[in-house]
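Geometric and topological summary
Chain residues, written in single-letter form:
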Amino acid sequence: MNEKATTLSALALLIVMGGAASAATKSITLPPDGVQLTPSTLPGYAKAQTNCVVCHSAEYMVYQPPNAARPYWDAMVKRMKAVFKAPIEDADMPEIVDYLAKTYGNEK
Ligand code: HEC
C-alpha cells in the first residue's frame, strides 16, 4: 500500500467512526405519542374518550385549527362515523361536539 492509500483508508475509518459516534450521541425529539384528550367536566368528555380515541390518539384534535367553529366539529364527528365507520351513537354526537368545540375549537 502506498502512502496515499494508507492516508485515505485512515480517513475513511475516521469518517466511519465519526459517524457511529455522532449517531450514538445525537438525539431527536419525536412528537408526543398517545396524546390524551383534555380533561373536562362536560358530559361529552367521557363520550369522546369512549368514541374518539379508539382509532387514533387525541393528537388529531390538537392539530385542528384553533378557530374551528361548532359546525366544523359537527362535520368531523359525522365524517368519522360515515367515512371511517366509527361506532358513534347519533344520540351521543351533540355532547361530543359540544365538548370538542369548547375544548379544541373557537368556544374555548
Ligand atoms: C373507526 C375509527 C375512528 C374513530 C372511532 C374516530 N376516528 Fe377520527 N380518524 C380516523 C381515521 C382513519 C382518520 C384519518 C387518518 C388520516 O387521514 O390519516 C381520522 C382523522 C381524524 C381527524 C383529523 C382530521 C381529518 O379529517 O383527517 C380528527 C380531528 C378526528 N379524526 C377526530 C375524531 C373524533 C372527534 C372522533 C370521535 C367522534 C373520532 N375521530 C373517532 C378514524 C377514526
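Anyway, here's the lowdown on the structure attached to this text. Since the model is a prediction, treat every value here as computed from it, not as a measurement.

Mapped onto the elements, Ala 75 comes out in helix H4 (residues 70–84). Residue classification places Ala 75 among the partly exposed residues on the basis of a relative accessible area of 44%. When the C-alpha positions of Ala 75 and Val 97 are compared, they lie 9.1 Å apart, and in sequence the two are 22 residues distant.

Moving on, we come to the environment of Asp 92. Among the structural elements, Asp 92 can be located in the loop between H4 and helix H5 (93–103). For Asp 92, a relative accessible area of 17% gives the class buried. Excluding residues that lie within four positions of it along the chain, Asp 92 makes contacts with Lys 47 and Asn 51.

What follows is about the site of the ligand. Taken together, 15 residues lie near the ligand, and Cys 52, Cys 55, His 56, Arg 79 and Met 80 sit nearest. For the ligand, a nitrogen atom lies 2.8 Å from a polar atom in the side chain of His 56. With respect to the ligand, the side chain of Arg 79 contributes an N or O atom lying 2.4 Å from an oxygen atom. The pocket occupied by the ligand, as judged from atoms lying within 2 Å of grid points, is the largest pocket. Broken down by secondary-structure element, the contributors of at least two residues to the shell around the ligand are helix H3 (59–62) and H4. Its residues placed into classes, the shell around the ligand shows eleven nonpolar, three polar and one charged.

For the iron atom of the ligand, the full set of protein donor atoms is His 56 (NE2) and Met 80 (SD), and the range of their distances to it is 2.0 to 2.2 Å. Around the iron atom of the ligand, the six donor atoms are arranged such that angles at the metal cover 88 to 179°; this shape is classified as octahedral. Taken together, the residues His 56 in the loop between helix H2 (43–51) and H3 and Met 80 in helix H4 connect sequence positions 24 residues apart. On the basis of relative accessibility, which here comes to 22%, the residue His 56 falls in the partly exposed class. Taking relative accessible area as the criterion, Met 80 reaches 18% and is therefore assigned buried.

Rules and cut-offs
Positions within a chain are numbered from 1, following the residues in the order the chain's sequence is written. Reporting of local features is limited, given that this is a predicted model, to residues whose pLDDT is at least 70; pairs of side-chain atoms are given and counted only at 80 or more, and all residues count toward the totals for whole chains, interfaces and linings. Each side-chain value is derived from all of the structure's non-hydrogen atoms; neither hydrogens nor water enter the calculation. For helices the rule is a DSSP run of H or I covering at least 4 residues; for strands it is a run of E covering at least 2, with both sets numbered from the N terminus onward. Each residue is assigned to one of three classes by its accessible area relative to the maximum for its type, calculated with a 1.4 Å probe on protein chains only: buried under 20%, partly exposed between the two thresholds, exposed over 50%. When checking whether two residues touch, look at their non-hydrogen atoms; a contact exists if any pair is within 4.5 Å. One heavy atom within 4 Å of a molecule or strand makes the whole residue count as near it. A 3.5 Å cut-off defines polar contacts: any pair of N or O atoms within that distance qualifies, except that in protein one atom must be a possible hydrogen donor and the other a possible acceptor, and neighbouring residues in sequence count only when both atoms are side-chain atoms. Cavities and pockets are found on a 1 Å grid laid over the protein atoms alone: a cavity is a set of points where a 1.4 Å probe fits but cannot escape, a pocket is an open set with protein on both sides within 12 Å along at least five of seven lines, and a lining residue has an atom within 4 Å of such a point. Grid points define the cavity or pocket, and a molecule sits in it when more than half of its atoms lie within 2 Å of them. Lys, Arg, Asp and Glu make up the charged group, whereas Ala, Val, Leu, Ile, Met, Phe, Trp, Tyr, Cys and Pro make up the nonpolar group; the residues left over, Gly among them, are polar. Here the coordinating atoms are restricted to nitrogen, oxygen and sulfur within 2.8 Å of the metal centre, or 3.2 Å for Na, K and Ca, and because water is not among them the sites may look incomplete. Every angle between 85 and 135 degrees makes a four-donor site tetrahedral, while opposite donors more than 155 degrees apart, with all other angles between 65 and 115, make a four-donor site square planar and a six-donor site octahedral; other sites are irregular.

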